[in-house]
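Letter by letter, the chains look like this.
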Amino acid sequence: MSRQRKVALVGNPNAGKSALFNALTGARQKIANYPGVTVERKSGRFVLPTGEPVEMTDLPGAYSLDATSPDEEVTSKVVRGHFPGEAVPDVLVIVLDASNLEQHLVFAQEILALGKPTVIALNMVDLAERDGLVLDATLLEQELGVRVVPTVAVRRRGLSDLAEAIASAEMGHPGPGITDLSLTERRVAAHAMAEGAILSETRRHRMHARLDRLLLNPWIGPFVLCALLFVVFQAVFAWATPFADGLEAGVGWLTDLTIKFMPAGLVRDLVTDGILAGVGSVVVFLPQIVILFAFILAMEASGYMARAAFLMDRLMSSVGLSGRSFIPLLSSFACAIPGIMATRSISDPKDRLTTILIAPLMTCSARLPVYAVIIAAFIPNRSVGWGVGLQGLVLFALYVAGVIGAMVVALVLRRSVTKGEASGFIMELPKYQLPRLKDMAIGLWQRAWIFLRRAGTIIFTVTVVLWLMLNFPQARPGESQVDASVAGKVANGLAFVVEPIGFNRDMALALIPAMAAREVAVSSLATTYAVDATDEDQQAMELGDQLKSRWTLPMALAFLAWFVFAPQCMSTIAVTRRETNGWKWPVFMLAYLFGLAYIAAGLTFWVASAIGL
Ligand SMILES: Nc1nc2c(ncn2[C@@H]2O[C@H](COP(=O)(O)OP(=O)(O)OP(=O)(O)O)[C@@H](O)[C@H]2O)c(=O)[nH]1
Ligand SMILES: [Mg+2]
């Protein structure tokens, strides 16, 4: 039996390769409306109409086979068969954006010149039609010498034709003279071919151009961006409340039920104080996470995110970075791990390293539960005028603090550790699109699932271990259980380090398990106070009330400031090690972030105490 054939999807960034890959193989690779989404190769199985199963590979977008960034290098190596441990693809599928034909044909010619069996997916023909472009695929076929199949990946249009073309792809016969062209010659040829293939072109372009003039205007643009982000953070608090209250009531109901039906004893305590108090205290933040991601996904799918990157370029270049870093940094708001991976699209190694080092300063979604619980407990839920809520404002300020911190760190790094010139910014602006409801729903479901899975695995495990450490050895009568326990002893040992910055024993105790995942800080506080409760009244108190009765406002603010900077996430450190090939940079990252966290928390505590908060 012969080896399974391989089919690879290649093309410029944002052509819809991953969308096609998902449609053909049933995978769920991330797609979004900006260049540089895919940074690794991904494979899936696909069965041709002939019944032959093939391995299909989705590749990062590239502008040429002369790679300038790590993600382009993957593409170039796979296509040429130089990728270690991977066979040369047997068939190449070039994915072209029909609404941006001229540009995409430049790279397409370079691929065709390889002389491999090739098929072209003329993707996004719906967008081209929307823009009033009518394209002649047959003419392109004649010019390029390979099959050209019009497709709409996101609506699954043209897929069977494409599959059939892949099945029958023979050795390519690149059109006359395509083989040995220089870049300039390819550009000229692309222009001519695009002109020829476009049968008619009308307005619509104009409306989007006008929108861009507004959104990219150096004065109005940043204002719109700030206003938008502001609305996001207000919404996170305002809209989530009823849902979060519902979830909280659900957890309370389960706790009551457990108490009613389980015999009193250690096992019941483990369920109520450990699992329900701990994991429950994190799960109630699901609505806020979902709201945050709904905005992020909508901004990504509409094409606005790339505009935001463009706007940020000026700010970024003033601290020695380029707008290229914006998207990795923005992804870091979800989680620093994909953010750090996304830096593979940055070609300058020092730019890339700087971006990796500051990525953890972007407020990842794991911090949201920590911020939200403290804010809800200590910041009054009142309006500061014009319908702006104080709680949302504080949350916004914490996100801004992270961004400002990152910019300052970048500035310092670019003059010391990663000294060098900022590289220029070139990024194509994608077409505006209305986000599709189904894609949004899938994206939100994926995020919600990741969050719940974390709650069910890592947060659950750490909470149970912590509960055990908090309950053993058992206290003698009159002694506090927490003080007597293993965890309490460790925390008391650590307390002297964090005492100068205003942290008490319980806060010190929360910091250790939070290294596994930041949300654990919340579940750990909840478990600690559940174990520590001396009477029924105290036990029935919600976490927020517990915090209010045990912490002062300066302490709470210091705790928030700590979490803006602290590198409390093992996985981020691990990814940094992998992406920088060694321990040097992750250790540097840990050291400087802990240093910053300590200073920021200390300053906050002392200033807040001094002004009598
Ligand atoms: N209207 C329309 N949108 C599409 C089509 N194919 C993809 N898209 C959208 O175009 C955007 C880019 O799609 P991706 O699949 O992420 O593009 P990619 O080529 O994988 O991009 P990189 O990974 O950055 O190289 C997404 O917002 C998709 O939803 C299409 O045929 N029609
Ligand atoms: Mg992709």
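About the criteria used
Here the residue numbers are simple positions, counted from 1 along each chain's written sequence. Here chains are named by letter from A upward and ligands by number from 1 upward, in the order in which they appear as written. Since the coordinates come from a predicted model, pLDDT governs what is reported: local features require at least 70, and pairs of side-chain atoms require 80 or more to be given and counted, while whole-chain, interface and lining totals use all residues. Each side-chain value is worked out from all heavy atoms of the structure, with water and hydrogens disregarded. Each helix corresponds to a stretch of at least 4 residues labelled H or I by DSSP, and each strand to a stretch of at least 2 residues labelled E; elements are numbered beginning at the N terminus. Using C-alpha atoms as the atom set, the radius of gyration is obtained and then compared with a globule rule of 2.2 Å times the number of residues to the power 0.38. Exposure is judged per residue with a 1.4 Å probe applied to protein chains only, and the accessible area is read against the type maximum: over 50% gives exposed, under 20% gives buried, and values in between give partly exposed. Whether two residues touch is decided by their heavy atoms; if any such pair falls within 4.5 Å, the residues are in contact. To measure how exposed things are, a 1.4 Å probe is used in the Shrake-Rupley method; for residues, cover is taken only from the protein chains shown. For the charge count, each Lys or Arg is scored as positive and each Asp or Glu as negative, with His and the chain ends excluded. The atom standing in for a charge is NZ when the residue is Lys, CZ when it is Arg, CG when it is Asp and CD when it is Glu. What counts as an axis is a line fitted to C-alpha atoms, over the stretch in contact for a helix, and the angles between N-to-C directions run from 0 to 180 degrees. The scheme is simple: roughly parallel for angles under 35 degrees, roughly antiparallel for over 145, roughly perpendicular for 65 to 115, oblique for anything else. Handedness of a crossing is defined here by the sense of rotation of the near helix relative to the far one, left-handed for an anticlockwise turn of less than a right angle and right-handed for a clockwise turn. Classification convention: Asp, Glu, Lys, Arg as charged; Ala, Val, Leu, Ile, Met, Phe, Trp, Tyr, Cys, Pro as nonpolar; all other residues, Gly among them, as polar. By definition, a salt bridge exists where a carboxyl oxygen of Asp or Glu is found within 4 Å of a side-chain nitrogen of Lys or Arg. Pairing of N or O atoms within 3.5 Å defines a polar contact, subject to two protein rules: one partner must be a possible hydrogen donor and the other a possible acceptor, and residues neighboring in sequence count only if both atoms are side-chain atoms. Here, nonpolar core means buried Ala, Val, Leu, Ile, Met, Phe, Trp, Tyr and Cys residues that are tied together by side-chain atoms lying within 4.5 Å of each other. Only N, O and S atoms count as donors, using a 2.8 Å cut-off from the metal and 3.2 Å for Na, K and Ca, and because water is excluded some sites may appear unfinished. Candidate patch residues must exceed 30% relative accessible area and have no salt bridge, after which like charges are joined if within 9 Å and Val, Leu, Ile, Met, Phe, Trp or Tyr side chains if within 5 Å.

To continue, consider the overall build of the protein chain. Across its full length, the protein chain carries 28 helices and eight strands. On C-alpha atoms alone, the protein chain measures out to a radius of gyration of 27 Å, which is about the 25 Å that the 2.2 N^0.38 rule sets for 613 residues. Over its C-alpha atoms, taken along the principal directions, the protein chain stretches across nearly 90 × 55 × 45 Å. A buried classification covers 54% of the 613 residues belonging to the protein chain. At a minimum sequence separation of 6, the contacts of the protein chain that also span at least 24 residues come to 73%. Of the accessible surface of the protein chain, which amounts to about 26,700 Å², a share of 64% is contributed by carbon and sulfur atoms. Positive and negative charge centroids in the protein chain, built from 52 and 51 side chains respectively, lie 2 Å apart.

Turning our eyes to something else, we now look at the packing of helix α18 (residues 390-415) against helix α26 (residues 553-565). Where α18 meets α26, the axes come as close as 9 Å, and the angle between the chain directions of the two elements is 45 degrees. By the angle between their directions, the pair α18 and α26 is classed as oblique. Here the hand of the crossing between α18 and α26 comes out right-handed. Of the residues in α26, those touching α18 at L398, A401, G402 and G405 are L560, V564 and F565. The residue makeup of the contact of α18 with α26, split by class, is five nonpolar, two polar and no charged.

Here we come to the pattern of salt bridges. This model, assessed by the stated rule, comprises 21 salt bridges. For K42, the salt bridge goes to E40, with nearest N and O atoms at 3.3 Å. Owing to a relative accessible area of 26%, E40 belongs among the partly exposed residues under this scheme.

By the element assignment, S18 lies in helix α1 (residues 17-25). Among the polar contacts listed, one links the side chain of S18 to the side chain of T38, at a separation of 2.8 Å. Not counting the four nearest positions on each side in its chain, S18 is found in contact with Q29, K30, I31, T38 and D58.

Glancing now at the nonpolar core. Membership of the largest hydrophobic core comes to 113 residues, with the highest contact counts inside it found for F503, L547, W551 and F559. Take this core: its biggest share by element is eleven residues, from α18. Among all residues touching W551, those that are not within four sequence positions of it are I374, F378, N504, M507, L525, Y529, A556 and F559.

A few words now on the packing of helix α9 (residues 220-238) against helix α13 (residues 304-318). α13 packs onto α9 with a crossing angle of 125 degrees between their chain directions and a minimal axis gap of 10 Å. With respect to their mutual orientation, α9 and α13 come out oblique. Crossing of α9 against α13: the hand is left-handed. Every residue of α13 that contacts α9 at G221, P222, V224, L225 and L228 is listed here: Y304, A308, L311 and M312.

Here the focus is the coordination of the magnesium ion (ligand 2). Only S18 (OG) and T38 (OG1) from the protein coordinate the magnesium ion (ligand 2), and they sit 1.9 to 2.0 Å from it. Of this pair, S18 sits in helix α1 while T38 sits in the loop between α1 and β2 (42-47), and the two are 20 residues apart along the sequence. According to the relative accessible area criterion, S18 is buried, its value standing at 7%.

This next bit is on a nonpolar patch on the surface. Together, V465, M469, V486, V490 and I512 make up an exposed nonpolar region whose accessible area comes to about 360 Å². Here M469 shows up in helix α19 (residues 437-471).

Once that is clear, we can look at unusual backbone geometry. In this structure, P473 follows F472 across a cis peptide bond, with omega equal to -10 degrees. In this fold, P473 is placed in the loop between α19 and α20 (481-484). One non-glycine residue with positive phi stands out, namely M124, at about 60 degrees. Structurally, M124 is set in the loop between β5 (118-123) and α4 (125-130). With relative accessibility at 13%, the residue M124 sits in the buried group.

These results come straight from atomic positions and should not be treated as a statement about function.
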